[in-house]
Every structure is written in structure tokens, then in C-alpha cells.
Amino acid sequence: MFIKQLSIFVENSPGRMISIIRILEENHIDIRALSLSDTSDFGILRLIVSSPEHACEALRAKGSTVRITEVLGIGITDQPGGLGQAVQLLSEQNINIEYMYAFTSPYNNNAYVILRVEENEAAAAVLQAGGVELLTPEDVYAMGKK
């Protein structure tokens, strides 16, 4: 039920991002979603990819520091306020969102949100009970191939 996200520590220097992207390309791994946050010296690149374990192995083989984290993926209507229901449900149950990022699909009127919370199981139960669509790993890893 949970989606595997790669967290890659990236030196904040010219050319570092392209080297990561090229490793994924050479290994035929598609990027489904990404988020990059940085400081003056390094960044954390969070990726949802078509084959997380393969990507992790390929990146580590080339010297990258990579961690796999389980996150939640939800589908919401791509309209103003579409995210509000899910965030409200979590808020009402005192479930903290550590971070999130979103992407859309050209195939429907949905937006997709990746959520990192403290308790995946509890958050998933609350969201499902509230009628929020939970994405499966297969939904996300194969996205864009329809």
C-alpha cells in the first residue's frame, strides 16, 4: 500500500543533478515525481521512480547516498480546495504532515499528492475512512504508461 520514495543527498554543486538523472536514464528508470530542497552545501532530492529498488542500487553503485522511505500517495480532484479534505481529515486526528509534494496526470482530472507522515498506517486508515483515494505502488510506478 505504501509507495517507496528515494531520498538522495546531493552536493549543491553544478553538474550533480545531471549525474543522478543520467544514472536513472542509463538504467531505464522513469521519474514519476520529485522534490528538491536545499541548503547552502547540500540538498535532499526526493524521487518517486518506476523501479525504486533498481534505482537505489544503481545510484549507490555510483557513490550516491540514498535512503528508501515509505510514503503515502493520494489521488484528489484537481480543483481549488481538492487537497483540503485530506488535510482536514489528518488534522482532525492530530496526524502531522512532515512534507508533501504533488503532481498531475495528463490522462484525467486528478492531482496526486505524496505525503510523509509519522504514522503511515494510521494516516492511511483515516484517509480511507474519509473517502480519500489511496494510491498503490503499482498506480504510481506505472503512471504515464497508459
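**Student:** Give a description of the overall build of the protein that names residues and reports values.
**Tutor:** A count of helices and strands for the protein gives five helices and seven strands. N-terminal to C-terminal, the α/β element order of the protein is β-α-β-β-α-β-α-β-β-α-β-α. For the protein, the C-alpha radius of gyration of 16 Å lies close to 15 Å, the compact-globule estimate for 146 residues. Taken along its principal axes, the extent of the C-alpha atoms in the protein is 45 × 35 × 25 Å. A total of 146 residues make up the protein; the buried ones form 42% of that total.

**Student:** Tell me about a nonpolar patch on the surface, and please be specific about residues and values.
**Tutor:** Together, Ile18, Ile21, Ile31 and Leu34 give the surface a local cluster of nonpolar side chains, amounting to about 310 Å² of exposed area. Secondary-structure elements contributing two or more residues to the nonpolar patch are helix 1 (16–26) and strand 2 (31–38). As for its position among the elements, isoleucine 21 is in helix 1.

**Student:** Lay out the pattern of salt bridges in plain terms, naming residues and giving numbers.
**Tutor:** Applying the stated criterion across every chain yields a total of four salt bridges. The salt bridge partner of arginine 22 is glutamate 25, with a shortest N-O separation of 2.8 Å. Placement of both arginine 22 and glutamate 25 in helix 1 is noted, with a separation of three residues, approximately one turn of the helix. Note that arginine 32 is salt-bridged to aspartate 30, the shortest N-O span being 3.4 Å. For arginine 32, a relative accessible area of 16% corresponds to the buried category.

**Student:** Tell me about the environment of glycine 84, and please be specific about residues and values.
**Tutor:** Tracing the chain through its elements places glycine 84 in helix 3 (residues 84–92). Residues glycine 84 and tyrosine 107, spaced 23 residues apart in sequence, show a C-alpha to C-alpha distance of 22 Å.

**Student:** Report on a negative patch on the surface, specifying residues and quantitative values.
**Tutor:** Taken together, the side chains of Glu70, Glu118, Glu119 and Glu121 make up a negatively charged region of the molecular surface. You can see glutamate 118 is positioned in the loop between strand 6 (110–117) and helix 4 (120–129).

**Student:** Explain the packing of helix 3 against helix 4 to me, and be specific about the residues and the numbers.
**Tutor:** Each pair of packed helices gets described by two things: the angle between the helix axes and the distance between those axes. At a minimum axis distance of 9 Å, the contact between helix 3 and helix 4 shows a crossing angle of 125 degrees. When the axis of helix 3 is compared with that of helix 4, the two are oblique. In this structure, the crossing between helix 3 and helix 4 has a hand that is right-handed. Residues Ala86, Leu89 and Leu90 of helix 3 form the contact with helix 4, whose own contacting residues are Ala123, Val126 and Leu127.

**Student:** Outline the packing of helix 1 against helix 2 (residues 52–61), listing residues and values.
**Tutor:** Look at helix 1 against helix 2: their axes get within 10 Å of each other, and the N-to-C directions meet at 125 degrees. By the criterion of interaxial angle, the relationship of helix 1 to helix 2 is oblique. Here helix 1 and helix 2 pass one another in a crossing that is right-handed. Facing helix 1, whose interface residues are Ile20, Ile23 and Leu24, helix 2 presents Ala55, Ala58 and Leu59. Of the residues contributing to the contact of helix 1 with helix 2, the split by class is six nonpolar, no polar and no charged.

**Student:** Tell me about the pairing of strand 6, and name the residues and values.
**Tutor:** With six of its eight residues buried, strand 6 lies for the most part within the structure. Of the strand pairs in this sheet, strand 4 (residues 65–77) and strand 6 are connected by six bridges, and their pairing is antiparallel. By the bridge assignment, threonine 77 is partnered in strand 6 with asparagine 110. Counting the residues in the hairpin turn of strand 5 (residues 97–104) and strand 6 gives five residues.

The rules behind each value
Residues numbered from 1 in each chain as written. Predicted model: local features only at pLDDT ≥ 70, side-chain atom pairs only at ≥ 80, totals over all residues. Heavy atoms only, no water. Helix = DSSP H or I, 4+ residues; strand = E, 2+ residues; numbered from the N terminus. Rg over C-alpha atoms; globule rule 2.2 N^0.38 Å. Buried < 20%, exposed > 50% of the residue type's maximum accessible area, 1.4 Å probe, protein only. Patch = residues over 30% accessible without salt bridge, like charges linked within 9 Å, V, L, I, M, F, W, Y side chains within 5 Å. Areas by Shrake-Rupley, 256 points an atom, 1.4 Å probe, with all protein chains shown as cover. Salt bridge = Lys/Arg side-chain N within 4 Å of Asp/Glu carboxyl O. Lys, Arg positive; Asp, Glu negative; His and termini not counted. Charge placed at Lys NZ, Arg CZ, Asp CG, Glu CD. Axes fitted to C-alpha atoms, helices over the stretch in contact; angles between N-to-C directions. Parallel < 35°, antiparallel > 145°, perpendicular 65-115°, else oblique. Left-handed = near helix turned anticlockwise from the far one by under 90°. Contact = heavy atoms within 4.5 Å. Nonpolar A, V, L, I, M, F, W, Y, C, P; charged D, E, K, R; others polar. Pairing = 2+ DSSP bridges.

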